[in-house]
Amino acid sequence: MVINKSSGSSYQVKSPMAITIFGHLLFIAITTLVLVWLLHFREGLAFSSSNKSKIFNIHPMLMVIGFVLMAGEAIMAYTTTPTSRKNHKLFHMILHLIALLTGIIGVIAVFKYHNESGIPHVYTLHSWIGLSTIILFGLQWILSFLTFLFPGARTSTRSRVAPWHALIGITIFFMAIVAAETGLVEKFIFLGLRRNQEGLIVNFIGLLILLFGISVGVTVLM
C-alpha cells in the first residue's frame, strides 16, 4: 500500500484493494475461529435445549459473524465490488439489512438464554453498548433507506445527509467492535479461561476483530 500526500494536503491510498483483501481474509479467519470455538469447545448451537449454553452460543456467532463482520463487508462494498454506484448503494444496504436482522436474532437468543437461566438482563457494560448499537444501527438503516433508496427523496437532501450518514455509520460500526471485544472479555472471565487452547482462540478472535475494524476504517479514508 502506498500513501501519497496530494496537493490538497490530504492523504490518498493508492492501493485500496490490498486493504480490502486483507479485510476479507480476516472475515474468513474470524468466522473459522468462532465456529471452532462454539462447535468444538462450547458444545454447539441450539435455539431450544436443556443445555442452556447452546442457546447462548447463538449470540456470539450471530453478533460476530452476522452483525460485526457483515456490517464491515457492507462498508467495504464500495471498494470491493466492481459495479455501478447505484448497485454499490443497493449492495451496501442489503448487507447492512442482513447484519441488522442477524443482530436482532442474536439479541433475542441472549435474552432467551437469560430468561431460561434466571440471569438478569442488561446489567453489564457489554450489554449497554451492544443494545445501544443495535438500536442505533436499526434507526440508521431506516433513515438511510428513506433518504438514499426511497424514490421521493430529494437529491439536495441526499447530498446534505451523505457526510453525516458516513460519520454516524462508521461510529456505530466501531461501537459494534467495542461491544464484541467487551463481550469476549466478559465470556473469557465468566468461563475462567487461562492459558489453554480455548483461551488462545478467544483472544485471537478478539485481536482479529480489532484488525478487521481497523481495515474497514482505512477503507473509509480511501
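Residues numbered from 1 in each chain as written. Predicted model: local features only at pLDDT ≥ 70, side-chain atom pairs only at ≥ 80, totals over all residues. Heavy atoms only, no water.

1. Things to note about the environment of His 40
Where we set the bar: Helix and strand assignments come from DSSP, with helices taken as H or I runs of at least 4 residues and strands as E runs of at least 2, each series counted from the N terminus. Exposed residues in this analysis have more than 50% of their type's maximum accessible area, buried residues have under 20%, and partly exposed residues fall in between, with area computed by a 1.4 Å probe over protein chains only.
Examined against the element boundaries, His 40 turns out to sit in helix H1 (residues 16–41). We classify His 40 as exposed; its relative accessible area is 60%. Expressed as a C-alpha distance, the spacing of His 40 and Met 17, which sit 23 residues apart in the sequence, is 34 Å.

2. Comments concerning the packing of helix H2 (residues 52–80) against helix H4 (residues 125–149)
Put simply, the rule reads: All axes are obtained by fitting lines to C-alpha atoms, using only the stretch in contact for helices, and the reported angles, taken between N-to-C directions, cover 0 to 180 degrees. Note on angle classes: values under 35 degrees are labelled roughly parallel, values over 145 roughly antiparallel, values of 65 to 115 roughly perpendicular, and the remainder oblique. In this scheme, a crossing is called left-handed if the near helix is turned counterclockwise away from the far one by less than a right angle; it is called right-handed if the turn is clockwise. By the convention used here, residues are in contact when the closest approach between their heavy atoms is within 4.5 Å. We call Asp, Glu, Lys and Arg charged. Ala, Val, Leu, Ile, Met, Phe, Trp, Tyr, Cys and Pro are nonpolar, and the rest, Gly among them, are polar.
Direction vectors running N to C along H2 and H4 enclose 45°, while the axes themselves pass 13 Å from each other. In terms of orientation, H2 and H4 fall into the oblique class. Handedness of the crossing formed by H2 with H4: left-handed. Residues His 59, Met 63, Phe 67 and Ala 71 of H2 lie in contact with H4, whose contacting residues are His 126, Thr 133, Ile 134 and Phe 137. Its residues assigned to classes, the contact of H2 with H4 comprises 5 nonpolar, 3 polar and no charged.

3. A look at the packing of H2 against helix H6 (residues 197–220)
For the pair H2 and H6, the least separation of the axes is 9 Å and the interaxial angle reads 25°. In terms of orientation, H2 and H6 fall into the roughly parallel class. With respect to the hand of their crossing, H2 and H6 are arranged in left-handed fashion. On the side of H2, the interface is formed by Val 64, Val 68, Leu 69, Gly 72, Glu 73, Ile 75, Met 76 and Thr 79, while H6 contributes Ile 209, Phe 212, Val 216, Thr 219 and Val 220. Here the contact of H2 with H6 is built from residues that sort into 9 nonpolar, 3 polar and 1 charged.

4. Observations regarding helix H3 (residues 85–117)
Note the cut-off: Expected span of a helix: the number of residues minus one, times 1.5 Å.
End to end, H3 covers 48 Å across 33 residues, agreeing with the expected 48 Å (1.5 Å per residue, within 8%). Remark: Gly 118 follows H3 within two positions and exhibits a positive phi of approximately 70°.

5. A look at unusual backbone geometry
Not every positive phi belongs to a glycine, and Glu 43 is a case in point at roughly 75°. Residue placement: Glu 43 occurs in the loop between H1 and H2. Here Val 122, not a glycine, exhibits a phi torsion of approximately 50°, which is positive.

6. Re the pattern of salt bridges
Our working definition: Salt bridges are counted wherever a side-chain nitrogen of Lys or Arg sits within 4 Å of a carboxyl oxygen of Asp or Glu.
Evaluated as defined, the whole model comprises 3 salt bridges. A salt bridge links Glu 198 to Arg 42; the nearest nitrogen and oxygen atoms lie 2.7 Å apart. With Glu 198 in helix H6 and Arg 42 in the loop between H1 and H2, this pair connects stretches of sequence that are 156 residues apart. This pair shows no difference in class: Glu 198 is buried, exactly as Arg 42 is. In this structure, Glu 116 and Lys 52 form a salt bridge, with 2.7 Å as the shortest nitrogen-oxygen distance. In this pair, Glu 116 is assigned in helix H3 and Lys 52 in helix H2, connecting sequence segments 64 residues apart. Salt bridges sharing partners connect three or more residues here, namely Lys 52, Lys 112 and Glu 116.

7. Here's the deal with the nonpolar core
For clarity, the cut-off: Only buried Ala, Val, Leu, Ile, Met, Phe, Trp, Tyr and Cys residues count toward a nonpolar core, and they belong to the same one when joined by side-chain atoms within 4.5 Å.
One finds Ile 30, Phe 67, Phe 173, Ile 209 and Phe 212 to be the most contacted residues of the largest nonpolar core, which totals 46 residues. Within the residue set of this core, elements represented by two or more residues are H1, H2, H3, H4, helix H5 (155–191) and H6. The element best represented in this core is H2, accounting for 15 residues.

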